[in-house]
Amino acid sequence: MIKAGIIGATGYAGGELVRILSGHKEARIVWYGSRSYIDRKYSDVYQNMFQIVDAQCLDDNMEELAEQADVIFTATPQGFCASMMNEEILGKTKVIDLSADYRIKDVSVYEKWYGIEHKSPQFIEEAVYGLCEVNREDIRKARLVANPGCYTTCSILTAFPLAKEGLIDMKTLIIDAKSGTSGAGRGAKVPNLYCEVNENIKAYGVTTHRHTPEIEEQLGYAAEEKVVLTFTPHLVPMNRGILVTEYASLKKSVTDEEIKAVYDKYYGNEHFIRVLKEGICPETKWVEGSNYVDINVKTDPRTNRIIMMGAIDNLVKGAAGQAVQNMNLMFGLPENEGLNLVPMFP
């Protein structure tokens, strides 16, 4: 039985980790870390866990937790994990970090986009980018995994096959993304109040969103070239879900059938990626509460462009579900253990 500790267990991603791991046959949670709710019963914070979780919230002492847990999940703000990480911790336990601290290999890029100093850059090179469908074999051997962001997971997986095959002009790639409000976290912020979000849709982080360099870096590896793209996120009035619509110019004329064959080549055997039938556009409602990624593409011969569409649940495949998928790989378990979550509808 894998002993798991969660730091940041009372945020939305942390709460989703608790929900998923509570149904995992090979893991049990030994530490519900939450600096804001120390000594409070976890079920008092999340009443959906009443009579399911009887534990109290503990602090964020990673040194002590490393003595007790086989794996630590850090569902914390940027900078926390990097400030706590040391060789002693990694010598005792595995770490899956849900923040951006180890996602970007160039520390200067991280510090520029996140506006903070990286406290443990010596571990950046070792950290494996935890996009399971792309880096599966490296994840199996890792002791430190950088769990990808929600926008990035959807954006990268949606375009990855075409970037890898060199079929699109990466200089023309534009990503239009929309997210439910849980992506902004559980903290109280005026822009996320009900009256601010309801009956509204708005762009934010235009040209400055912090997931941009992460998407560029990972798609750059796929395309084997430096990638600079336009990424524009939007906030929409729903709890969960991300929908991306991506546009790029084709390098050569291809049919929808040929494009479908490319996606099947990379994703045909993937448990959690569903390449939809022709003419079916991904919808967030069809992946809600699940670890699935729904993808489809459509060529536009008139403009010689291609439209790529993807949908995920930002808290599952975009955060906690992907983290558990990474854990399963790291411990040699079936990749879908604890993650056979049927999408909820309505």
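Note that the coordinates shown come from a computational prediction; the quantities given were computed from them, not determined experimentally.

Peer 1: Tell me about the sheet that holds strand β1 (residues 2-7), and name the residues and values.
Peer 2: Across a sheet, strands are paired by hydrogen bonds formed along the backbone, either parallel or antiparallel in direction. Taken in spatial order, the six strands of this open sheet run β2-β1-β3-β4-β6-β5, and their pairing is parallel. Unpaired on one side and paired on the other, β2 (27-33) and β5 (128-129) mark the two borders of the sheet. With three bridges joining them, strand β4 (residues 94-97) and strand β6 (residues 144-146) adopt parallel strand pairing. Within β6, the residue paired with valine 95 across the bridge is leucine 144. Strands in contact with helix α1 (residues 12-22) are β1, β2 and β3 (71-74); relative to β1, the strand with the most contacts, it is inclined by about 160°.

Peer 1: I'd like to hear about helix α11 (residues 256-267), residue by residue, with values.
Peer 2: One turn of the α-helix equals 3.6 residues, which is why residues spaced by three or four share an orientation. With 12 residues, α11 should reach 16 Å at 1.5 Å per residue; the first-to-last C-alpha distance of 16 Å fits that figure. Among the residues of α11, Asp256, Ile259, Val262, Tyr263 and Tyr267 are the ones counted as buried. On an axial view of α11, the arc spanned by its buried residues comes to 120°, and they lie on one face. In α11, those exposed residues whose orientation departs by more than 90 degrees from the buried face are Glu257 and Lys265.

Peer 1: Provide a residue-level description of the sheet that holds strand β9 (residues 230-235), including the pertinent values.
Peer 2: Pairing in this open sheet of seven strands is mixed, and the strands run β8-β9-β7-β10-β13-β12-β11 from one edge to the other. The open sheet has two free edges, formed respectively by β8 (202-203) and β11 (273-275), since each of these has just one partner strand. The pairing of β11 with strand β12 (residues 293-300) spans three bridges and is parallel. Pairing of isoleucine 273 across the sheet is with valine 293, part of β12.

Peer 1: Provide a residue-level description of the nonpolar core, including the pertinent values.
Peer 2: Val18, Leu21, Tyr42, Phe73, Ile96, Leu98 and Met327 are the most contacted members of the largest nonpolar core, which has 43 residues in total. Sorting the residues of this core by element identifies β1, α1, β2, α2 (42-45), β3, α7 (132-140) and α12 (316-330) as the ones contributing at least two each. For this core, the element with the highest residue contribution is α12, accounting for eight residues. Contact partners of leucine 21, with chain neighbours within four places excluded, come to Ala4, Ile6, Ala27, Ile29, Phe73, Val324 and Met327. Grouped together as the second largest cluster of nonpolar side chains are 40 residues, Cys154, Leu162, Ala177 and Val293 included.

Peer 1: Quick rundown of the side chain of threonine 153? Include the residues and the values.
Peer 2: In this structure, threonine 153 sits in helix α8 (residues 150-164). Polar side-chain contacts of threonine 153 include one of 2.8 Å to the backbone oxygen of glycine 149. For threonine 153, the residues in contact, after removing those within four places along its chain, are Leu131, Pro148, Ile312, Lys317 and Gln322.

Peer 1: Mind laying out the environment of isoleucine 89, listing which residues take part and the relevant values?
Peer 2: Within the secondary structure, isoleucine 89 sits in helix α5 (residues 87-92). Between the C-alpha atom of isoleucine 89 and that of methionine 62, which follows or precedes it by 27 residues, the distance is 7.5 Å. When sequence neighbours within four positions are dropped, the list of residues in contact with isoleucine 89 reads Met62, Glu63, Ala66, Met84 and Val95.

Peer 1: Explain helix α10 (residues 212-223) residue by residue, including any values.
Peer 2: Over its 12 residues, α10 extends 16 Å from the first C-alpha to the last, a length consistent with the 16 Å expected when each residue adds 1.5 Å. Most of α10 is tucked away, with 11 of its 12 residues classed as buried. Within α10, burial applies to Thr212, Pro213, Glu214, Ile215, Glu216, Glu217, Gln218, Leu219, Gly220, Ala222 and Ala223. Residues of α10 that are buried make contact with α6 (107-114), β5, α8, β7 (174-179) and β9. Glutamate 224 sits one or two positions beyond α10 and adopts a positive phi of about 60°.

Peer 1: Please provide a residue-by-residue account of the packing of aromatic side chains, values included.
Peer 2: Per the stated rule, a full pass over the model turns up eight aromatic pairs. Ring centres 5.3 Å apart and planes at 75° place the aromatic pair tyrosine 151 and phenylalanine 231 in the edge-to-face group. Residue tyrosine 151 is located in helix α8, and its partner phenylalanine 231 is located in strand β9; the two are separated by 80 residues in the primary sequence. Comparing tyrosine 151 with phenylalanine 231 shows no difference in burial state: the two are buried. Plain terms: the ring middles of phenylalanine 160 and tyrosine 266 are 5.8 Å apart, the flat faces sit at 90° to each other, and that makes the pair edge-to-face.

Peer 1: Give a detailed account of the pairing of β4, specifying residues and quantitative values.
Peer 2: Across four bridges, β3 lies against β4 in parallel orientation. The partner of isoleucine 72 across the bridge, within β4, is valine 95.

Peer 1: Hey, could you go over the environment of threonine 10 for me, with residue numbers and the actual values?
Peer 2: As for its placement among the helices and strands, threonine 10 is situated in the loop between β1 and α1. A sequence separation of 65 residues divides threonine 10 from alanine 75, and the C-alpha atoms of the two residues are 9.0 Å apart. Each residue touching threonine 10, except ones within four places of it in the same chain, is listed here: Gly33, Ser34, Tyr37, Tyr42, Val45, Tyr46, Cys57 and Arg186.

Peer 1: Which residues make up the state of the cysteines, and what values go with them?
Peer 2: Per the counting criterion, the structure on display carries zero disulfides. Cysteine cysteine 81 shares no disulfide, and the gap to the nearest cysteine sulfur, in cysteine 132, comes to 17 Å. A residue is classified by how much of its surface remains accessible, and cysteine 81, at 0% relative accessible area, is buried. Of the cysteine sulfurs around cysteine 154, a residue in no disulfide, the closest is that of cysteine 150, at 9.3 Å.

What counts, and where the lines are drawn
- Residues numbered from 1 in each chain as written.
- Predicted model: local features only at pLDDT ≥ 70, side-chain atom pairs only at ≥ 80, totals over all residues.
- Heavy atoms only, no water.
- Pairing = 2+ DSSP bridges.
- Helix = DSSP H or I, 4+ residues; strand = E, 2+ residues; numbered from the N terminus.
- Contact = heavy atoms within 4.5 Å.
- Axes fitted to C-alpha atoms, helices over the stretch in contact; angles between N-to-C directions.
- Expected span 1.5 Å × (residues − 1).
- Buried < 20%, exposed > 50% of the residue type's maximum accessible area, 1.4 Å probe, protein only.
- Arc of directions from axis to C-beta.
- Core = buried A, V, L, I, M, F, W, Y, C linked by side-chain atoms within 4.5 Å.
- Polar contact = N/O pair within 3.5 Å; in protein donor to acceptor, adjacent residues only side chain to side chain.
- Phe/Tyr/Trp six-rings, centres within 6.5 Å; stacked < 30°, edge-to-face > 60°.
- Disulfide = S-S within 2.5 Å.

Interpretation in functional terms is not warranted from these geometric data alone.
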